[in-house]
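Architecture and fold: a report
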Amino acid sequence: MEVFIQTLVSGILIGGIYALIGIGMTLIMGVMKIINLAHGQLMMVAMYITFVLFEVFNLDPYFSLLISMPALFLLGVIIQRYFLNPLLKVDSILPENQVLMTVGIGMVLTEIIRFIFQSDYKSVKTAYSSSAFYLGPIACNLPMVVAFGIAVLLTISLFLFLLKTDVGKSVRATAQNKDAALLMGVNAEWITVLTYGLGAALAAASGTLLLPIYYLFPDVGGPFTLKAFVITILGGMGSTVGAIVGGVFLGVAESMGATYISMGWRDAIAMVIFLLVLIFLPGGLKRLTKI
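Residues numbered from 1 in each chain as written. Predicted model: local features only at pLDDT ≥ 70, side-chain atom pairs only at ≥ 80, totals over all residues. Heavy atoms only, no water.

Topic: the overall build of the protein chain
Summing up its helical and strand segments, the protein chain has twelve helices and two strands in all. Ordered by position in the sequence, the α and β elements of the protein chain form the string α-α-α-α-β-β-α-α-α-α-α-α-α-α. Its C-alpha atoms give the protein chain a radius of gyration of 19 Å, near enough to 19 Å, the size a compact globule of 291 residues would have. C-alpha extents for the protein chain along the principal axes are approximately 60 × 45 × 35 Å. Per-residue burial over the protein chain gives 50% buried out of 291 residues. Separation between the mean location of the 15 positive side-chain charges and that of the 13 negative ones in the protein chain comes to 9 Å. (Helix = DSSP H or I, 4+ residues; strand = E, 2+ residues; numbered from the N terminus. Rg over C-alpha atoms; globule rule 2.2 N^0.38 Å. Buried < 20%, exposed > 50% of the residue type's maximum accessible area, 1.4 Å probe, protein only. Lys, Arg positive; Asp, Glu negative; His and termini not counted. Charge placed at Lys NZ, Arg CZ, Asp CG, Glu CD.)

Focus: the pairing of strand S2 (residues 138-141)
Of the two faces of S2, only one is covered, namely that formed by Ile138 and Cys140; the face formed by Ala139 and Asn141 stays uncovered. Bridge count for strand S1 (residues 132-135) against S2 is four bridges, and the pairing is antiparallel. Opposite Tyr134, over in S2, you have Ala139 as the bridge partner. Counting the residues that bridge the hairpin from S1 to S2 gives two residues, and of these Gly136 lies at a positive phi of roughly 70°. (Pairing = 2+ DSSP bridges.)

Remarks on the packing of aromatic side chains
Inspection of every chain in the model, using the stated rule, returns seven aromatic pairs. Judged by centre distance (5.8 Å) and plane angle (20°), the ring pair of Tyr215 and Phe217 falls under stacked. We classify Tyr215 as partly exposed; its relative accessible area is 37%. The rings of Tyr121, Tyr214, Tyr215, Phe217 and Phe224 are connected pair by pair, giving a single aromatic cluster. The ring of Tyr82 carries Arg81 above its face, with NZ or CZ at 5.4 Å from the centroid. (Phe/Tyr/Trp six-rings, centres within 6.5 Å; stacked < 30°, edge-to-face > 60°. Lys NZ or Arg CZ within 6 Å of the ring centre and 35° of its normal.)

Digging into the side chain of Glu254
Here Glu254 is to be found in helix H10 (residues 240-260). Within polar-contact distance, the side chain of Glu254 engages the side chain of Tyr18 at 2.7 Å. Here Glu254 is in contact with Tyr18, Lys227, Arg266, Ile269 and Ala270, once residues within four sequence places are set aside. (Polar contact = N/O pair within 3.5 Å; in protein donor to acceptor, adjacent residues only side chain to side chain. Contact = heavy atoms within 4.5 Å.)

So, the environment of Met263
Assignment of secondary structure puts Met263 in the loop between H10 and helix H11 (268-280). Residues Met263 and Val167, spaced 96 residues apart in sequence, show a C-alpha to C-alpha distance of 44 Å.

Looking at the packing of helix H2 (residues 39-57) against helix H4 (residues 97-117)
Two elements in contact, H2 and H4, have axes separated by 9 Å at closest approach and are oriented at 25°. As the angle between them shows, H2 and H4 are arranged roughly parallel. Considering the relative orientation of H2 and H4, their crossing is left-handed. Along its contact with H2, which presents Gln41, Leu42, Met44, Val45, Tyr48 and Val52, the element H4 presents Gly106, Leu109, Thr110, Ile113 and Phe117. Of the residues in the contact of H2 with H4, the class split is eight nonpolar, three polar and no charged. (Axes fitted to C-alpha atoms, helices over the stretch in contact; angles between N-to-C directions. Parallel < 35°, antiparallel > 145°, perpendicular 65-115°, else oblique. Left-handed = near helix turned anticlockwise from the far one by under 90°. Nonpolar A, V, L, I, M, F, W, Y, C, P; charged D, E, K, R; others polar.)

So this is what it looks like as structure tokens:
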């Protein structure tokens, strides 16, 4: 029983960070109606920013959030404004041209990072990287608990922004019905740029929070793009609450699979869940819970 509870706690902690990744992709999906297949690569760029800040300036990874999030927000705004938005004005036989552009952007970001930092594995080792505390017989990894707490605070802040501010309400209106939002005077083009920036900033937060407990190399973004995609599908495309549930579910499923099946199956769990959801629950959790 102790092993089960330990595994469950670990899954929930990592699932909170996964949820943050999924919310970023879901937010972009809700407003732009596309899957951002450069999401993991944006997260990877933030991880390298955090790594450089730690190695060069000895800045604690969690304080790096104050730099990595604004930097990726700006990068997201540039990508949306100058690479994705112009595609909306071009007639094409491929209506998914924006999605293809995100694939290209992800590849370019990966190769730029590979050119600068090479392909070797890197990590950030802080004084608390291996620290843990105990709740009875259950061990809690300190960096994971801190990362989970920050992820929860960022998620709450995002919901307050979406629910309580005029700009946030405009984002929700654009996601629900873009034409109606335009008729109500919402600048949908500006909202789209803002949303991509927010999604990139959330991806940056996820990468920075993961770095003290994860390894880093240029291709690390690909698996996390997949995880974000699975979370988006699992939670119901466009549902931020569903993304939270989906992220925690994926984290718990991976931990359970690693403990009771094999550590080598940890990353494969995401693909299995993805296939099962597409076959048996194509509408995601939103279809069952109305979230």
